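Listed below are the residues making up each chain.
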Amino acid sequence: MAGGISIHAVDVASGRPAQGLRVEIWRIDPDSSRIADGRLGANGVLDHPIARGAGVTAGEYEVLFHLGEFYADSDGFLTVTPFRFRIRDVNEHFHLPLKFTRWGYSLFRGA
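Predicted model, so just to flag it, every value in this text is computed and none were measured. (Residues numbered from 1 in each chain as written. Predicted model: local features only at pLDDT ≥ 70, side-chain atom pairs only at ≥ 80, totals over all residues. Heavy atoms only, no water.)

Comments concerning the overall build of the chain
- In terms of helices and strands, the chain carries 1 helix and 8 strands.
- Taken over the C-alpha trace, the chain has a radius of gyration of 14 Å; the compact-globule value for 111 residues is 13 Å, and the two agree within 12%.
- A principal-axis box enclosing the C-alpha atoms of the chain has dimensions of 40 × 25 × 20 Å.
- By the burial criterion, 41% of the 111 residues in the chain qualify as buried.
- Looking at the chain as shown, the accessible area adds up to about 5900 Å², and 51% of this sits on carbon and sulfur atoms. (Helix = DSSP H or I, 4+ residues; strand = E, 2+ residues; numbered from the N terminus. Rg over C-alpha atoms; globule rule 2.2 N^0.38 Å. Buried < 20%, exposed > 50% of the residue type's maximum accessible area, 1.4 Å probe, protein only. Areas by Shrake-Rupley, 256 points an atom, 1.4 Å probe, with all protein chains shown as cover.)

Some details on the environment of glutamate 92
- Residue placement: glutamate 92 occurs in the loop between strand E6 (81–87) and strand E7 (94–100).
- According to the relative accessible area criterion, glutamate 92 is partly exposed, its value standing at 33%.
- Separated by 87 residues in the primary sequence, glutamate 92 and isoleucine 5 place their C-alpha atoms 9.1 Å from one another.
- When neighbours within four sequence positions are excluded, glutamate 92 is seen to be in contact with Gly3, Gly4 and Arg109. (Contact = heavy atoms within 4.5 Å.)

Notes on the sheet that holds strand E8 (residues 105–107)
- With mixed pairing, 4 strands are arranged side by side in an open sheet as E2-E1-E7-E8. Each edge of the sheet is formed by a strand with only one pairing partner; in this case those strands are strand E2 (16–17) and E8.
- Bridge count for strand E1 (residues 5–11) against E2 is 2 bridges, and the pairing is antiparallel. Paired with aspartate 11 across the two strands is arginine 16, which belongs to E2. (Pairing = 2+ DSSP bridges.)

All we've got here are geometric facts, nothing functional implied.
Right, dumping it as structure tokens:
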């Protein structure tokens, strides 16, 4: 089984995990298909088989973080925040920590 893609998100303005944040993971190249869609748990982590490698193949990916929906207001600044990256070695694990507020975010490949 492949290394997987894991998500962990924290609302740094409140200092709390982003429980309920909707996340989609798409493989966009060589073909386009949504391979994960879910909400983060109480610990701010996406509990999905993709975190253990299910469905992960070499290619380009896009993760969509639905921050506007998370804040549930029409006055929000961010709506859907995309993050694109490439996987060449499916045996590597790709951990994507997201730190955000309603006005901005930081996202990177973690350890």
